[in-house]
Amino acid sequence: YIIPLSRLMGPEGMGLYQMAFPAYALTLVASSSGLPVAISKLVSENIARGRFQRARRIFYVSLMLLSLMGLGLSLLLYLQAGVLAGRILKDQRAAYPLRAISPAVFFVAVMGAFRGYLQGLQLMTPTAASQITEQAVRVTTALALAYLLIPQGVEFSAAGCAFGSVTGAIVGLLVLIFYYRS
């Protein structure tokens, strides 16, 4: 989708869009680095030993911890987007994509808890299904919003494109919740 996106927004719009990703990636790493793998390992160990309640408790504690970390870092990125754009990125227009992508940090962190738990139960289909739907929705939303918002300016088009990560994460999380409840 990068080729049609770059033709649509041009190099300036793509630059603004790509300015948001290092900050987004940093907050993602801070909110859930390695935790889904640790959750998976702990859950699978407890399931193997017949400690089903303990495995579920690990999931609940992890879900709470990742939700709080994701929410805190998402808010931090949103609230500090102007400072980050102006002082570090040296382009105040980059605040729009930073703010647009910030809610994705929360949803991706919560997804990490669900993925870790379901993988600990040896269920890999939920992760695969959520990743496929997440990417499909992300690309579709990014292209649609970039196209719809280009008349408002490249900074809004870049923000719409960045918001695709949020809608993708929401749908990916909904897929995981569906498998969890099944």
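A brief structural summary. (Residues numbered from 1 in each chain as written. Predicted model: local features only at pLDDT ≥ 70, side-chain atom pairs only at ≥ 80, totals over all residues. Heavy atoms only, no water.)

Considering the overall build of the chain
Cut-off, in case you're wondering: Note on conventions: DSSP H or I runs of at least 4 residues are helices, E runs of at least 2 residues are strands, and numbering of each starts at the N terminus. Should any heavy atoms of two residues lie within 4.5 Å, those residues are counted as being in contact. Here the accessible surface of atoms and residues is derived via Shrake-Rupley with a 1.4 Å probe, and residues count as covered only by protein chains that are part of the display. By the counting scheme adopted, Arg and Lys are positive, Glu and Asp are negative, and His together with the chain ends is not counted. Charged side chains are reduced to one point each, which is NZ for Lys, CZ for Arg, CG for Asp and CD for Glu.
Across its full length, the chain holds seven helices and zero strands. Dimensions of the chain along its principal axes, counting C-alpha atoms only, are 60 × 30 × 20 Å. Put simply, 76% of the contacts in the chain that link residues at least 6 apart link residues at least 24 apart. Approximately 9300 Å² of the chain is accessible, and the part contributed by carbon and sulfur atoms is 67%. If the 14 positive side-chain charges of the chain are averaged to one point and the 5 negative ones to another, these points end up 15 Å apart.

Side note on the packing of helix H1 (residues 2–32) against helix H3 (residues 52–79)
Our working definition: To get an axis, fit a line to the C-alpha atoms, keeping to the stretch in contact for a helix; angles then go from 0 to 180 degrees between the N-to-C directions. An angle counts as roughly parallel when it lies under 35 degrees, as roughly antiparallel when it exceeds 145, as roughly perpendicular when it falls between 65 and 115, and as oblique in every other case. Left-handed describes a crossing in which the near helix is turned anticlockwise from the far one by less than a right angle; the clockwise case is right-handed. Think of it as three bins: nonpolar holds Ala, Val, Leu, Ile, Met, Phe, Trp, Tyr, Cys and Pro, charged holds Asp, Glu, Lys and Arg, and polar takes everything else, Gly as well.
At a minimum axis separation of 9 Å, H1 and H3 run at an interaxial angle of 155°. Taken together, the axes of H1 and H3 are roughly antiparallel relative to one another. In terms of crossing hand, the pair formed by H1 and H3 is right-handed. Of the residues in H3, those touching H1 at Ala23, Tyr24, Thr27, Ala30, Ser31 and Ser32 are Leu66, Met69, Gly70, Leu73 and Leu77. Its residues assigned to classes, the contact of H1 with H3 comprises seven nonpolar, four polar and no charged.

Topic: the pattern of salt bridges
Our working definition: We define a salt bridge as a side-chain nitrogen of Lys or Arg found within 4 Å of a carboxyl oxygen belonging to Asp or Glu.
Across all of its chains, the model carries four salt bridges by this definition. In this structure, the salt-bridge partner of Asp91 is Arg93, at a minimum N-O distance of 2.9 Å.

Remarks on the nonpolar core
The condition is simple: Each nonpolar core is a collection of buried residues, namely Ala, Val, Leu, Ile, Met, Phe, Trp, Tyr and Cys, held together in the definition by side-chain atoms within 4.5 Å. The buried label goes to any residue with under 20% of its type's maximum accessible area, the exposed label to any with over 50%, and the partly exposed label to all in between, with areas taken from a 1.4 Å probe on protein chains only.
Formed by 46 residues in total, the largest nonpolar core has its most connected members in Leu5, Met9, Tyr17, Tyr24, Leu98, Phe114 and Cys161. Where this core is concerned, the elements lending two or more residues are H1, helix H2 (35–48), H3, helix H4 (81–88), helix H5 (95–120), helix H6 (125–149) and helix H7 (154–181).

Side note on the packing of aromatic side chains
How we decide: Aromatic contacts are taken between Phe, Tyr and Trp rings whose centres are within 6.5 Å, Trp giving its six-membered ring; a plane angle under 30 degrees counts as stacked, one over 60 as edge-to-face, and the others as tilted. Charges are assigned to positions over rings by a cutoff of 6 Å between ring centre and Lys NZ or Arg CZ, combined with an angular limit of 35 degrees from the ring normal.
Tallied over the full model, the rule gives eleven aromatic pairs. A ring pair is formed by Phe59 and Tyr60, whose centres lie 5.6 Å apart and whose planes are at 45°; its orientation type is tilted. Owing to a relative accessible area of 1%, Phe59 belongs among the buried residues under this scheme. When the centroid spacing of 4.7 Å and the interplanar angle of 50° are considered together, the rings of Tyr96 and Phe156 count as tilted. Residue Tyr96 is found in helix H5, and its partner Phe156 is found in helix H7; the two are separated by 60 residues along the sequence. Grouping aromatic residues by their ring pairs yields a cluster made of Phe59, Tyr60, Phe114, Tyr117 and Tyr180. Positioned above the aromatic ring of Tyr78, the side-chain terminus of Arg99 is 5.8 Å from the ring centre.

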